[in-house]
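What the coordinates show
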Amino acid sequence: MTPVKQRDPRLDVFRGLCLVMIFINHVPGNVLEAFTNRNFGFSDAAEGFVFMSGVAAGLAYSVDFRDNSMRLWTGLARLWRRAWTLYQVHILTTFAAVAAAASVALWMGNGEILFINAMKYLWYNPLETSVGLILMTHQFGYVNILPLYLVLLFVSPIAFYFAWRAPRTVLLASIALWFSAAMWRINLPNFPMQGGWFFNPFSWQLIFVVGLLTGVYYKQGKRFVPVTWWLLVPAIFLLIVGVLTVQVPAFSKVFGQTMWLAKETFHLPWFITAFDKTFLSVPRLLHILALAYVLSAFGGVRWLTGTKAMAPFALLGRQALPVFALGSVLCIWLQGVGRVLGDNVWTDLMLVGGGLVAQFALAAARQYWPKPTMA
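The structure displayed is predicted, hence computed values, not measured ones.

**A word on the nonpolar core**
If you look at the biggest cluster of nonpolar residues, it comprises 91 residues, and the most contacted ones within it are F23, F160, W204, I207, F208, L212 and I332. Apart from the residues within four sequence positions on either side, I332 is in contact with A97, A101, I113, N117, M119, G141, Y142 and V143. One finds L232, L239, A290 and V294 within the second-largest nonpolar core, a separate group that totals 7 residues.

See the structure below:
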């Protein structure tokens, strides 16, 4: 196969769809939540977003690490510059979220939103929490994916270098790190709160690395994991089991009892049968990998993502960072507004729909707004 030069529409479209579903899920209790992908399997849009971030990184930065030349330093600089940008966006988003919550308290007379999503510590322990916010050891709920991404991007030069030279070793090392993190509860610390990061980088790096390797291989016109029936059939079966488990109570009960029995009988580690998000337990991990594999195996998916109907989602995907930042701030604000207006279908549609329109408008403005010209 020859190296791919044309932009693959699947990456932008699925990243845009993940942004939409992340935003909907980050306004808890709205009627649209029932239609997001977490209701049809073990993983959700966060896993998909991190996987595609790895793919995008592999496509964008991998060539700099292919040869032992000065381009290695160029690649390192580009990755760390991007990580620095992500850090700046995260800090801006964090304090914009505080302002969004404060606006609800000031002008709508309801301050509940100021005391949820781990924001209360900013008022109870302002000095320690302010330090924690800057160090990323304290993260507000729903505004905590970017720290994961920037940490992974910061350390990714090692993975990029060896992805060209020993890709299977990179994968095995990533699996070993994921296993160790879950087995011995290894995580980055929180401060001033107790515990660790909600999105544990030692665990979630595995999805990112698989995506990165996928992007490196795709850059060469190859597949990291070839399409074979003995992988495709189990992957489809797992996706079907995921749908039935989530959607059919009777099946869910049987599945849960089976997992418990397997754990007790074979003394399996806890993360093999659990559905933990922080440590990316096996059901969640296998589900997102199976979903990515199946969607990439059929040519019709690529055709569909290239149609005009999918263009709005592709637009969101191309402007993922600013759209995600805006959505993170809006979701905090809408959670507060929702507490004032109450829960009903029309309020949900108005608030969530309005937030989505704002994100599409931002993406369109960044994509199509005339660029300033030099005098």
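**Observations concerning the pattern of salt bridges**
Applying the stated criterion across every chain, the model contains 11 salt bridges. Close ionic contact of E33 with R38 constitutes a salt bridge, the shortest N to O distance being 2.3 Å. Owing to a relative accessible area of 13%, E33 belongs among the buried residues under this scheme. Salt bridges linked by common partners bring D44, E47, K277 and R284 together as one network.

**Some thoughts on unusual backbone geometry**
Residue F191 is joined to P192 through a cis peptide bond whose omega torsion reads 10 degrees. Assignment of secondary structure puts P192 in the loop between α7 (167-183) and α8 (201-219). The residue M136 is not glycine, and still its phi comes out positive at about 70 degrees. Relative to the assigned elements, M136 resides in the loop between α5 (126-135) and α6 (145-163).

**Here we look at helix α3 (residues 71-108)**
Think of an α-helix as turning once every 3.6 residues; residues three or four places apart then point the same way. When the terminal C-alpha atoms of α3 are compared, their 54 Å separation across 38 residues agrees well with the 56 Å that a helix rising 1.5 Å per residue should span. Residue G109 follows α3 closely and has a positive phi angle near 70 degrees.

Rules used in this analysis
Residues numbered from 1 in each chain as written. Predicted model: local features only at pLDDT ≥ 70, side-chain atom pairs only at ≥ 80, totals over all residues. Heavy atoms only, no water. Core = buried A, V, L, I, M, F, W, Y, C linked by side-chain atoms within 4.5 Å. Buried < 20%, exposed > 50% of the residue type's maximum accessible area, 1.4 Å probe, protein only. Contact = heavy atoms within 4.5 Å. Salt bridge = Lys/Arg side-chain N within 4 Å of Asp/Glu carboxyl O. Helix = DSSP H or I, 4+ residues; strand = E, 2+ residues; numbered from the N terminus. Expected span 1.5 Å × (residues − 1).

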